[in-house]
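A look at the structure
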Amino acid sequence: MSKADINNLLEFLDAYPPESRKIAIWLRDFVWELYPDCNELIYDNYNFLAFGWGATDRMSDIFCNIAVGTRGVIFGFMRGVGLDDPDGLLSGGGNQFRSLRVPDKKSFPKTYAKKLITQAYENSLLRLKDRPQLPNGKTIVKSISKKQRRPGMKKDEPKLRRERHPMPDFVCEAIEKANLVEAYEARPPYQRNDYIGWITQAKRLETRDARLAQMLDELRRGDSYMKMAYRGKKAD
């Protein structure tokens, strides 16, 4: 049972304040109770820890997630911009991602959140189309960052300078249509983030499409990144 498969997550959470750890685990239990047959995907990134749930083992199928960082805990939706949010509780200014900041358990609107999660889950199933819901009910560590910026680091230590860019639908669909999901997810987090930012910041549609085509070509070839030589990790 994946709810009990928590050793890796506890290890990743150990770098964060006790209150953040408690909130994150409480939110995790909340989601597992609702969707025990979905899969938990864990991403231990440079300056935050994120774990979310989806009907498959693909990042693009995650419908809700929890992120723990230097500023606390948030409960997010990868495609939250399309959710019915009558009370206007979701925040975020990106193309897709929306979230609820959770400073403590009491402030988390459980009933309201359940409705949002239900919407997000149903929307994610529609995007699956004919793809199978595999694996089932597992916890999967997708990435572990070797270099990490954690709470309590000295101010003079280097900070992450890259802005985080949410995955827009048209990029996700293009990657899936080209059967390059595994190639995309095998790239380091900074490359995935840079690709999305580079593509979405194009001012002209022609430029955007050309950048998207370049990314797909580089993923397909596997030996370059932004027209620079790249050597990925060899499979075991």
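For the structure given in this document, a descriptive report is provided here. Residue numbers here run from 1 along each chain, matching the order of that chain's written sequence. With pLDDT at 70 or above as the cut-off, local features in this predicted model cover only qualifying residues; side-chain atom pairs require 80 or more to be listed or tallied, and sums for whole chains, interfaces and linings still use all residues. Neither water nor hydrogens contribute to the side-chain values; these are computed over all heavy atoms in the structure.

**Side note on the overall build of the chain**
Under the scheme used here, helices are H or I runs from DSSP no shorter than 4 residues and strands are E runs no shorter than 2 residues, and both carry numbers assigned from the N terminus. A count of helices and strands for the chain gives seven helices and eight strands. Throughout this description, buried means an accessible area under 20% of the type-specific maximum (1.4 Å probe, protein chains only), exposed means over 50%, and partly exposed covers the range between. By the burial criterion, 45% of the 236 residues in the chain qualify as buried. Long-range contacts, defined as pairs at least 24 residues apart, comprise 62% of the intrachain contacts of the chain with a sequence gap of at least 6. With the model as given, the accessible surface of the chain reaches about 13,500 Å², and the carbon-plus-sulfur share is 49%. Contact criterion: two residues are considered in contact whenever any of their non-hydrogen atoms come within 4.5 Å of each other. In this description, accessible areas are obtained by the Shrake-Rupley approach with a 1.4 Å probe, and a residue is regarded as covered only by the protein chains that are shown.

**Let's talk about the packing of helix α6 (residues 189–200) against helix α7 (residues 205–221)**
For any two helices packed against each other, the geometry comes down to the angle between their axes and how far apart the axes lie. Orientation is described by lines fitted to C-alpha atoms, with helices fitted over the stretch in contact, and by angles between N-to-C directions that extend from 0 to 180 degrees. At a closest axis distance of 8 Å, the pairing of α6 and α7 adopts a crossing angle of 155°. As judged from the angle between their axes, α6 and α7 are roughly antiparallel. Together, Tyr195, Trp198 and Ile199 of α6 and Arg208, Arg211, Leu212, Gln214, Met215 and Glu218 of α7 make up the contact between the two elements. Nonpolar residues are Ala, Val, Leu, Ile, Met, Phe, Trp, Tyr, Cys and Pro. Charged residues are Asp, Glu, Lys and Arg, and all others, Gly as well, are polar. Grouping the constituent residues of the contact of α6 with α7 by class yields five nonpolar, one polar and three charged. Working rule for angles: under 35 degrees goes down as roughly parallel, over 145 as roughly antiparallel, 65 to 115 as roughly perpendicular, anything else as oblique.

**Description of the sheet that holds strand β5 (residues 98–101)**
DSSP-based pairing: two strands are paired if at least 2 bridges between them are found. Pairing in this open sheet of six strands is mixed, and the strands run β5-β4-β3-β2-β1-β6 from one edge to the other. At either end of the open sheet lies a strand with only one pairing partner, and these are β5 and β6 (139–144). Recorded for the sheet is a direction-independent mean angle of 20° between the axes of neighbouring strands. Pairing between strand β4 (residues 72–77) and β5: four bridges, direction antiparallel. The partner of Ile74 across the bridge, within β5, is Arg101. Along the sheet, helix α3 (residues 110–128) contacts β3 (62–69) and β4; its crossing angle with β3, the most-contacted strand, is approximately 125°.

**Topic: the state of the cysteines**
Disulfides are defined as pairs of cysteine sulfur atoms found within 2.5 Å of each other. Overall, the coordinates contain zero disulfides when judged by the stated rule. Cys38 provides the cysteine sulfur closest to Cys64, a residue in no disulfide bond, and the two sulfurs are 8.3 Å apart. Look at Cys64 and you get buried, because its relative accessible area is 0%.

**Re the pattern of salt bridges**
Any Lys or Arg side-chain nitrogen located within 4 Å of an Asp or Glu carboxyl oxygen qualifies as a salt bridge. Taken as a whole and judged by the stated rule, the model has nine salt bridges. With a closest N to O distance of 3.2 Å, Glu185 and Lys142 form a salt bridge. Taken together, the residues span a long stretch of sequence, with Glu185 in helix α5 (residues 181–186) and Lys142 in strand β6 at a distance of 43 residues. According to the relative accessible area criterion, Lys142 is partly exposed, its value standing at 29%. The partner of Asp217 in a salt bridge is Arg221, with the nearest N and O atoms 3.0 Å apart. Here Arg221 and Asp217 lie together in helix α7, a separation of four residues that amounts to about one turn.

**Here's the deal with the environment of Lys142**
For the pair formed by Lys142 and Arg58, sequence separation is 84 residues and the distance between their alpha carbons is 9.3 Å. Those residues in contact with Lys142 that lie beyond four places of it in its chain are Leu41, Ile42, Tyr43, Asp57 and Glu185. At 2.9 Å, the side chain of Lys142 forms a polar contact with the backbone oxygen of Asp57. Reaching out from Lys142, the side chain makes a polar contact with the side chain of Glu185 at a distance of 3.2 Å. Pairs of N or O atoms are called polar contacts if they sit within 3.5 Å, as long as, within protein, a hydrogen donor faces a hydrogen acceptor (for residues adjacent in sequence, only side-chain-to-side-chain pairs).

**Looking at the packing of aromatic side chains**
Stacked, tilted and edge-to-face pairs are distinguished by plane angle, under 30 degrees for stacked and over 60 for edge-to-face with tilted covering the rest, among Phe, Tyr and Trp rings (Trp via its six-membered ring) whose centres lie within 6.5 Å. The tally for this structure, following the rule as stated, stands at 11 aromatic pairs. Relative to Tyr225, the ring of Tyr195 lies with its centre 5.5 Å away and its plane at 85°, an arrangement referred to as edge-to-face. Of this pair, Tyr195 sits in helix α6 while Tyr225 sits in strand β7 (residues 224–225); the two residues are 30 residues apart in sequence, bridging distant segments of the chain. For a ring to carry a charge above it, either NZ of a lysine or CZ of an arginine must fall within 6 Å of the ring centroid while also lying within 35 degrees of the normal to the ring plane. Its end group placed over the ring of Phe170, Arg208 keeps NZ or CZ at 3.9 Å from the ring centre.

**Side note on the environment of Asn136**
Relative to the helices and strands, Asn136 is located in the loop between α3 and β6. Between the C-alpha atoms of Asn136 and Cys38, which are 98 residues apart in sequence, the distance is 5.9 Å. Excluding its chain neighbours within four sequence positions, the residues that come into contact with Asn136 are Asp37 and Asn39.

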